[in-house]
Amino acid sequence: MSPDLRSVRQVAIKAIDEQRSKTITVLSSLLAVQDALQYLPREGLEEVASRTGSSVNDVWGVASFYPNFRFKPPTEHIIEVCWGPPCHLLGAQTLLQEFLTHLGLKGEGDTPDGLYTLKMNTCLGACPHGPVMSFDHKIEGHITFSKAIKHLENLSALKTSKVFEIEKPINSADSER
C-alpha cells in the first residue's frame, strides 16, 4: 500500500472513530469521511464498510443515493445558484443559463479545468435578496450576470489549498529524469 493510500485510510478511520454520536451508522460515517477528505474515495467507502459491518456494495448504495456525496476530489471553487421560487421568479433561470454558457457547461457539474463546480441549490436562505448565488459559501444577493463574472474573476485570483488527493506513485524511471 502506498503512503498516500495509507494516509487516506488513516484520515477516514479517524473521522469514523471520532464521531460524537453514540450510534454510528453508514450514513453518519460517510458524512464524517466526506467532511474530513472533502470527497469519498474508494478507500473511504471500504473503511466505512469495515467499521460498520456492512458490505462495500451496501455502503455504495447509501452513498450513491444522496446527491451531495462526491466520489472524486472537489474543484477549487464551488458556485451555487439559488433555484428557490423567489430567486426563480427574480431571474435565476436566465442567470443560470448565462453562467452555464460562460463556464462551458451544459448543466451543473465540474468545469474540465477543475477550477469550478456549479450547483443548483433549492434555497440559499436569502429570499428577499434574490436572485442569489453563493461563491465558496459566501452568499451574494441581487446578483446579476456581470456581478457574478466579477466574483468569478475574484475567485480565480485566490490561491486555495488542495484537498487530500491520492496521487499515482512515481515511477522509478520517471524519477531518474
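Residues numbered from 1 in each chain as written. Predicted model: local features only at pLDDT ≥ 70, side-chain atom pairs only at ≥ 80, totals over all residues. Heavy atoms only, no water.

**Describing the confidence of the model for the protein**
- Confidence in the prediction for the protein averages 86 pLDDT; 86% of positions are at 70 or higher.
- In the predicted structure, residues 161-177 sits below a pLDDT of 50 and forms 20 contacts with residues beyond four places in sequence or in another chain. (pLDDT = per-residue confidence, 0-100. Contact = heavy atoms within 4.5 Å.)

**Some words on the pattern of salt bridges**
- All told, the structure shown has seven salt bridges when counted by the stated rule.
- When the shortest N-O distance is used, the salt bridge between Glu46 and Arg9 registers 2.3 Å. Of the two residues, Glu46 sits in helix α3 (residues 42-52) while Arg9 sits in helix α1 (residues 3-17), which places them 37 residues apart along the sequence.
- With relative accessibility at 25%, the residue Glu46 sits in the partly exposed group.
- The class for Arg9 is buried, based on a relative accessible area of 17%. (Salt bridge = Lys/Arg side-chain N within 4 Å of Asp/Glu carboxyl O. Helix = DSSP H or I, 4+ residues; strand = E, 2+ residues; numbered from the N terminus. Buried < 20%, exposed > 50% of the residue type's maximum accessible area, 1.4 Å probe, protein only.)

**Regarding the sheet that holds strand β3 (residues 116-121)**
- If you walk across this open sheet you meet the five strands as β2-β3-β1-β4-β5, and the pairing is mixed. Looking along the sheet, the strands with just one partner apiece sit at the ends: β2 (109-110) and β5 (138-140).
- Bridge count for strand β1 (residues 77-82) against strand β4 (residues 133-135) is three bridges, and the pairing is antiparallel. In the sheet register, Val81 faces β4, and the bridge partner there is Met133.
- Along the sheet, helix α5 (residues 85-103) contacts β1, β3 and β4; its crossing angle with β3, the most-contacted strand, is approximately 160°. (Pairing = 2+ DSSP bridges. Axes fitted to C-alpha atoms, helices over the stretch in contact; angles between N-to-C directions.)

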